[in-house]
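# Breakdown of the fold
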Amino acid sequence: MSIGISEYVPVMDALEHSLTYDRTVSRTLVHRAAVSEVFLTDACGPDDAEGVRIAAQWPRSHALYEPDVAGFSDPVLMVETVRQAAVYTAHRFHGVSLNHRFIFCDLQLDIDVPHPLRVGATPLHVVLDGRFTPKANPPAKRFEARFSTAVHVDGQRCGRASVRLLAVGDELYTALRHRVSHPVGGPRPARPGMLLPPGEVGQVRPENVLLSAEGGGRYGMHLATGHPGYFEHACDHVPGMALVEAFRQAGHQTLRRSGELRSHLMTGCEVRFDSFGELDAPVTIQAHEHHASSAGPGDRSVRLTAFQGEVALARATTTYRLHSTCQPAVTV
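Here we summarise the structure given alongside this text. Worth saying up front: this structure is predicted, and the values here are computed from it rather than measured.

## What to know about the overall build of the protein chain
From N to C terminus, the protein chain includes three helices and 12 strands. Counting across all 332 residues of the protein chain, residues that qualify as buried make up 52%. Carbon and sulfur atoms form 52% of the exposed surface of the protein chain, whose accessible area is close to 15,100 Å².

Below, the structure written as structure tokens:
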């Protein structure tokens, strides 16, 4: 899976700056309500603000981003860390106002060396070597850019990621937010059928399961607006990170449904967000296994779409690798 930065060479090596891990950055700069949900700890950038090096620390255990049954750190935690890094870079190094609203358009994740994600006796130290590329000649009152980064975990290159975002003021946000009318008024949707067991969707905690099975590769998405992780702060639409997690869970269950009962790690994720999802209407996810010609030996891919009525909210491809093949090569 290529996300356009495989040839990226970090530009930060010449900077004489030692990144620290002893405190988090301001929660305001990453759009989090709770300090405990901030994973970035430090950052430095050159005068031209094109490249940035960001430090983050991943906890050994977390209420939402729990290590899986094989002890690998949650790959969605990497997505959230990159999201925070993009927002932080926009505010600190590109002068985007703290009053702006952020809309994420797409994201891509590729974990090509999974073994550094194994959780050990101490928290994992992460470094993102990134580059923020603003869109040329953007319209007035908006900031549009792509943040691309290489991800290093405990000193080892682990993977790469990319997010494209749009930052706008309240007036433009309101116009964009309501440009597609969803006829979804009325009472809040009823809770879907019985939620799937955590082990079938790659989760550990039952309270973090988002899906019920509806048959035929369809899943109902359950969103409890009081959930402290998926709704870490007030939100007027279905959170993008909740959709990412629902896609990951649906991919895991799709593989189990196809007869693959061995445990997997999500090592790739491509998501395109098409429309805002309303909180007062059911969300359905359709999933089917996809046999990608570019997949590595033993890798499995799933294509997914999240619908609200007839409206496609987001589309994704997730890739999974057997835990048994995620270990470093042994040399003798």
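Having seen the model, we can carry on.
## Remarks on helix H2 (residues 170-177)
Inspection of H2 places Tyr173, Leu176 and Arg177 among the buried residues, and these make up the whole buried set. Along the long axis of H2, the arc covered by the buried residues comes to 100°, so they all point the same way. The elements touched by buried residues of H2 are strand E3 (101-111) and strand E6 (156-168).

## Thoughts on the nonpolar core
Core analysis: the largest hydrophobic core is formed by 80 residues, its most contacted members being Ile54, Leu117, Phe147, Leu211, Met221, Val271 and Ile285. Sorting elements by how many residues they give to this core places helix H1 (residues 75-94) first, with 11 residues. Every residue in contact with isoleucine 285, bar those within four places of it in the chain, is listed here: Leu211, Gly217, Arg218, Tyr219, Met221, Ala246, Phe247, Ala250, Leu304, Thr305 and Ala306. In terms of nonpolar packing, the next biggest core, distinct from the first, is built from seven residues, Cys105, Leu166, Val168 and Leu176 among them.

## So, the pairing of strand E10 (residues 283-290)
Relative to E10, strand E8 (residues 218-221) is paired through four bridges, and the arrangement is antiparallel. Following the sheet pairing, glycine 220 is matched in E10 by threonine 284.

## Focus: the packing of aromatic side chains
Inspection of every chain in the model, using the stated rule, returns four aromatic pairs. An angle of 85° between the planes, with centres 5.7 Å apart, marks the rings of phenylalanine 132 and phenylalanine 143 as edge-to-face. Of this pair, phenylalanine 132 sits in strand E4 (residues 124-134) while phenylalanine 143 sits in strand E5 (residues 142-153), and the two are 11 residues apart along the sequence. Ring centres 5.5 Å apart and planes at 80° place the aromatic pair phenylalanine 132 and phenylalanine 147 in the edge-to-face group. One end of the pair, phenylalanine 132, is in strand E4; the other, phenylalanine 147, is in strand E5, with 15 residues separating them in the sequence. A relative accessible area of 0% places phenylalanine 147 in the buried class.

## Description of the side chain of histidine 91
One can find histidine 91 in helix H1. Judged by its relative accessible area of 8%, histidine 91 is buried. Within polar-contact distance, the side chain of histidine 91 engages the backbone oxygen of valine 96 at 2.8 Å. Once residues within four sequence positions are removed from consideration, histidine 91 is found in contact with Leu29, His31, Val96, Ser97, Leu98 and Phe102.

## Quick word on unusual backbone geometry
Most peptide bonds are trans, and most residues other than glycine sit at a negative phi. A positive phi angle, close to 60°, is found at histidine 31, a residue other than glycine. Phi is positive for aspartate 154, which is not a glycine, with a value near 50°. Along the chain, aspartate 154 falls in the loop between E5 and E6. Assessed through its relative accessible area of 42%, aspartate 154 is described here as partly exposed.

## Re the sheet that holds strand E1 (residues 40-44)
Either a parallel or an antiparallel arrangement is found when strands of a sheet pair, and the pairing is made through backbone hydrogen bonds. Spatially, 12 strands are ordered E1-E2-E4-E5-E6-E3-E9-E12-E11-E10-E8-E7 in an open sheet, and the strand pairing comes out antiparallel. For this open sheet the edge positions go to E1 and strand E7 (211-215), each flanked by a neighbour on one side alone. Along the sheet, successive strands turn relative to each other by an average axial angle of 25°, direction set aside. The pairing of E5 with E6 spans 12 bridges and is antiparallel. Residue glutamate 144 lies in a different strand from E6, and its bridge partner there is leucine 166.

## Some thoughts on the environment of aspartate 236
Take aspartate 236: it is sitting in the loop between E8 and helix H3 (240-257). Judged by relative accessible area, aspartate 236 falls into the partly exposed class, the value being 35%. Discounting residues that sit within four places of it in the chain, aspartate 236 has contacts with Arg101, Tyr173, Arg177 and Leu279. In terms of polar contacts, aspartate 236 uses its side chain to reach the side chain of tyrosine 173, at 3.0 Å. Only 2.6 Å separates the side chain of aspartate 236 from the side chain of histidine 237, close enough to count as a polar contact.

Quick notes on the rules
Residues numbered from 1 in each chain as written. Predicted model: local features only at pLDDT ≥ 70, side-chain atom pairs only at ≥ 80, totals over all residues. Heavy atoms only, no water. Helix = DSSP H or I, 4+ residues; strand = E, 2+ residues; numbered from the N terminus. Buried < 20%, exposed > 50% of the residue type's maximum accessible area, 1.4 Å probe, protein only. Areas by Shrake-Rupley, 256 points an atom, 1.4 Å probe, with all protein chains shown as cover. Arc of directions from axis to C-beta. Contact = heavy atoms within 4.5 Å. Core = buried A, V, L, I, M, F, W, Y, C linked by side-chain atoms within 4.5 Å. Pairing = 2+ DSSP bridges. Phe/Tyr/Trp six-rings, centres within 6.5 Å; stacked < 30°, edge-to-face > 60°. Polar contact = N/O pair within 3.5 Å; in protein donor to acceptor, adjacent residues only side chain to side chain. Axes fitted to C-alpha atoms, helices over the stretch in contact; angles between N-to-C directions.

That is the geometry; function is a separate question.
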